[in-house]
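# Geometric and topological summary
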Amino acid sequence: MLTEQIPLISAENITDDIRHFVNDALIEKIWCDLDKQITRKQIRQAALEVAADFRNATITTFIPIFVHRRTIEKLRN
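Here goes a summary of the coordinates provided.

Quick notes on the rules
Residues numbered from 1 in each chain as written. Predicted model: local features only at pLDDT ≥ 70, side-chain atom pairs only at ≥ 80, totals over all residues. Heavy atoms only, no water. Axes fitted to C-alpha atoms, helices over the stretch in contact; angles between N-to-C directions. Helix = DSSP H or I, 4+ residues; strand = E, 2+ residues; numbered from the N terminus. Parallel < 35°, antiparallel > 145°, perpendicular 65-115°, else oblique. Left-handed = near helix turned anticlockwise from the far one by under 90°. Contact = heavy atoms within 4.5 Å. Core = buried A, V, L, I, M, F, W, Y, C linked by side-chain atoms within 4.5 Å. Buried < 20%, exposed > 50% of the residue type's maximum accessible area, 1.4 Å probe, protein only. Phe/Tyr/Trp six-rings, centres within 6.5 Å; stacked < 30°, edge-to-face > 60°. Lys NZ or Arg CZ within 6 Å of the ring centre and 35° of its normal.

What follows is about the packing of helix H2 (residues 24–33) against helix H4 (residues 63–76). Here H2 crosses H4 at 40 degrees, and the two axes come no closer than 10 Å. Comparing the axis directions of H2 and H4 gives the class oblique. Judged by the sense of rotation from one axis to the other, the crossing of H2 with H4 is right-handed. Taken together, the residues of H4 that come into contact with H2 (itself represented by Leu 26, Lys 29, Ile 30 and Asp 33) are Pro 64, Val 67, His 68, Thr 71, Ile 72, Leu 75 and Arg 76.

This part covers the nonpolar core. In a soluble, globular protein the nonpolar side chains are often hidden away together inside. Counting residues in hydrophobic clusters, the biggest one holds 21 residues, and the most contacted among them are Val 22, Ile 30, Leu 34, Ile 43, Val 67 and Leu 75. Of all the secondary-structure elements, those providing two or more residues to this core are H2, helix H3 (40–52) and H4. Among the elements that line this core, the one with the most residues is H3, at seven residues. Filtering out sequence-adjacent residues up to four positions away, Val 22 remains in contact with Ile 27, Arg 44, Ala 47, Leu 48, Ala 51 and Val 67.

Scanning the entire structure with this criterion turns up one aromatic pair. A ring pair is formed by Phe 54 and Phe 66, whose centres lie 5.9 Å apart and whose planes are at 20 degrees; its orientation type is stacked. Note that Phe 54 is positioned in the loop between H3 and H4 and Phe 66 in helix H4, a separation of 12 residues in sequence. You can call Phe 66 partly exposed: its relative accessible area is 34%. Positioned over the ring face of Trp 31 is Arg 40, at 3.5 Å from the centre of the ring.

Below, the structure written as structure tokens:
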């Protein structure tokens, strides 16, 4: 369900390269795609967790698309 609590990623695991992929525009898009049922804070947290999976990627062109898609999937489950 969309209102479930999302475990927080620890601050030391969030680096600038991960934050680069999670910006306000992405959060807003996900928020609208989820019909505004989840707080932006929860979305940002989930998106940072998803983005962390890509921290060692050598090609980063499509990471924002993957973060968007996987974050929505994660929050819908």
